[in-house]
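Chains, contacts and geometry: an overview
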Amino acid sequence: LRSAHFYPVMRLPPLPTLQDIIRMYKLSAAQKLSQNFILDMTLNHKIVKLAGRLQGCQVCEVGPGPGGITRAILEAGVEHLYVIEKDRRFFPGLKMLADATGCLTAHQGDILRFSMENLFPEDFVKQWEDSPPNIHIIGNLPFNVATPLIFKYMESICDRTDAWRYGRVPLTLTFQKEVAERMVANPNDEQRCRMSVDVQNQCEVTLKKVIPGRAFVPPPDVDVGLVHFVPRTAPLINLPYRLVTKVTRTVFHHRQKMIKNNLVKLFPSDQKELVDEMLKHADIDPERRPVTVKNMEFARLCHAYNSICTRLPYILQYDHRNNTSVRQYEAIRHLEKELCSQL
Ligand code: SAM
């Protein structure tokens, strides 16, 4: 079996610097891909260190670009590094690293469509309840990709698909600082929002470091937060992902409103009494503001909603934004009532 012992921290052979790579291959940052590079290798090593111990691990880096974080990951003594990059211009530089180390595979593609379901060797699979497998996902992605990506990954973590077929694979990713703060926000924090509950439900989340915008080339207008996620052995709210996110999205629809006024959107207009039933079942004061609600109170709200949906299955499909479906659900309910009266 593989052991970290066989993968000593690696010193890369002499290579052109990141600045040389950028000059040689004319890799000026493409604005449409929101490219902001980290060329300071001390910072790249710090980022990789904050991801945890990588010796002997299988690692996937998303968006390697000119390869600064990539070099630091390789120097950590990984067994193999896979990189997923959308922009073809970076491939000659990545090939140079692959040739120099023999343990780098570069895939061209969009990370939002890329599946890691079979990326790593089978003998790295661990039981979900075990400690995390020796697999890591690391990346400094553009902000407009990192946020949809983390929601996609939360769903995969919940379903134990994609990279999470291998067990509780940890992630270390960058986000706009404000988004990073939202993800770790506690009840009553100003930044507390739907994202805080959805992410904390599936993972232990830690804001590891704030990186000033000036550390990037070119510098973005905002600072950046490096966030570490470790999937929980069981989510705090053990219910289907879509049900939970429907409740959290509705509760936070208007952050300043009382919960009871947001929850009306979960039910058809002639069944608003279900709001009272849900809040009573969850033992939550209807006049509370969304930001005050703790994760375990969200669990009670979701279970209360789930028990209503078990009794009245059309409620789960109900979408207040879709008038056609309101009519459809009312027709279904009408039919159900007729059938009951005929029994
Ligand atoms: N990791 C490098 C660094 O820290 O210097 C580059 C960071 S730059 C913010 C983001 C990188 O992600 C770029 O190389 C960009 O081409 C790549 N990228 C952008 N969108 C992507 C996507 N959807 N899938 C994969 N890579 C993407």
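Note that the structure is predicted; figures quoted are calculated from it, not measured.

What to know about the overall build of the protein chain
When its secondary structure is counted, the protein chain shows 13 helices and 7 strands. Once the C-alpha set of the protein chain is aligned to its principal axes, its extents read approximately 80 × 45 × 35 Å. Out of the 343 residues belonging to the protein chain, those deemed buried represent 49%. Sequence separation of 24 or more characterises 69% of the internal contacts of the protein chain that already satisfy a separation of 6 or more. Here the protein chain displays about 16,500 Å² of accessible surface, and carbon together with sulfur accounts for 52% of that area. Averaging the positions of the 45 positive and the 37 negative side-chain charges in the protein chain gives two centres separated by 3 Å.

Quick look at the state of the cysteines
The bond known as a disulfide is covalent and runs between the sulfur atoms of two cysteines. One pass over the full model with this rule turns up 0 disulfides. The thiol of cysteine 103 is not disulfide-bonded; the next cysteine sulfur, from cysteine 57, is found 12 Å away. For the unlinked cysteine cysteine 193, the closest cysteine sulfur is that of cysteine 203, found at 15 Å. Residue classification places cysteine 193 among the buried residues on the basis of a relative accessible area of 14%.

Description of the pattern of salt bridges
Going through the model one piece at a time under the given rule, you end up with 16 salt bridges. A salt bridge links glutamate 122 to arginine 165, with the shortest nitrogen-to-oxygen separation between them at 2.7 Å. Here glutamate 122 is found in the loop between β3 (104-108) and β4 (135-139), whereas its partner arginine 165 is found in the loop between α5 (143-159) and β5 (171-176), with 43 residues between them in sequence. On the basis of relative accessibility, which here comes to 26%, the residue arginine 165 falls in the partly exposed class. Taken together, the shared-partner salt bridges connect Lys86, Asp110 and Arg113 into one network.

Observations regarding the site of the ligand
Taken together, 23 residues are adjacent to the ligand, and Gln35, Gly63, Glu85, Asp110 and Asn140 come closest. Take glutamine 35: an N or O atom from its side chain is 2.8 Å from an oxygen atom of the ligand. Here a nitrogen atom of the ligand sits 2.9 Å away from a polar atom, N or O, in the main chain of isoleucine 111. In the complex, the protein chains occlude 98% of the 590 Å² of accessible area that the ligand would expose alone.

Here's the deal with the sheet that holds β5
Reading across from one edge, β3-β2-β1-β4-β5-β7-β6 is the order of the 7 strands in this open sheet, with mixed pairing throughout. With one partner strand each, in any of the chains shown, β3 and β6 (203-211) form the two edges of the open sheet. Strand after strand, the sheet turns through a mean of 20° between neighbouring axes, direction not considered. As paired elements, β5 and strand β7 (residues 224-231) share 6 bridges and run antiparallel to each other. Paired with phenylalanine 175 across the two strands is glycine 225, which belongs to β7.

Side note on the packing of α5 against helix α7 (residues 194-202)
Packed helix pairs are characterised by how far apart their axes lie and by the angle those axes make with each other. In the contact formed by α5 and α7, the axes pass within 9 Å of each other and the chain directions differ by 40°. Here α5 lies oblique to α7, going by the angle between them. As α5 packs across α7, the resulting crossing turns out to be left-handed. Together, Thr147, Ile150, Phe151, Met154, Ile157 and Cys158 of α5 and Arg194, Met195, Asp198, Val199 and Gln202 of α7 make up the contact between the two elements. When grouped by side-chain class, the residues that make up the contact of α5 with α7 number 7 nonpolar, 2 polar and 2 charged.

Here we look at the packing of aromatic side chains
Two numbers describe a pair of aromatic rings. These are the distance of the centres and the angle of the planes. The final tally for this structure, using the stated rule, is 7 aromatic pairs. Each member of the aromatic cluster is reached from another via a ring pair, and the members are Tyr82, Phe120 and Tyr166. Cation over ring: arginine 89 sits above phenylalanine 90, and NZ or CZ is 5.4 Å from the ring centre. It is arginine 165 that lies over the ring of tyrosine 166; its NZ or CZ is 4.7 Å from the centre.

Digging into the confidence of the model for the protein chain
Chain-level statistics for the protein chain give a pLDDT mean of 92 and a share of 94% at 70 or above. As scored by the predictor, the complex reaches a pTM of 0.90 and an ipTM of 0.99.

Here is what the cut-offs are and how they apply
- Residues numbered from 1 in each chain as written.
- Predicted model: local features only at pLDDT ≥ 70, side-chain atom pairs only at ≥ 80, totals over all residues.
- Heavy atoms only, no water.
- Helix = DSSP H or I, 4+ residues; strand = E, 2+ residues; numbered from the N terminus.
- Buried < 20%, exposed > 50% of the residue type's maximum accessible area, 1.4 Å probe, protein only.
- Contact = heavy atoms within 4.5 Å.
- Areas by Shrake-Rupley, 256 points an atom, 1.4 Å probe, with all protein chains shown as cover.
- Lys, Arg positive; Asp, Glu negative; His and termini not counted.
- Charge placed at Lys NZ, Arg CZ, Asp CG, Glu CD.
- Disulfide = S-S within 2.5 Å.
- Salt bridge = Lys/Arg side-chain N within 4 Å of Asp/Glu carboxyl O.
- Near = heavy atom within 4 Å.
- Polar contact = N/O pair within 3.5 Å; in protein donor to acceptor, adjacent residues only side chain to side chain.
- Pairing = 2+ DSSP bridges.
- Axes fitted to C-alpha atoms, helices over the stretch in contact; angles between N-to-C directions.
- Parallel < 35°, antiparallel > 145°, perpendicular 65-115°, else oblique.
- Left-handed = near helix turned anticlockwise from the far one by under 90°.
- Nonpolar A, V, L, I, M, F, W, Y, C, P; charged D, E, K, R; others polar.
- Phe/Tyr/Trp six-rings, centres within 6.5 Å; stacked < 30°, edge-to-face > 60°.
- Lys NZ or Arg CZ within 6 Å of the ring centre and 35° of its normal.
- pLDDT = per-residue confidence, 0-100.

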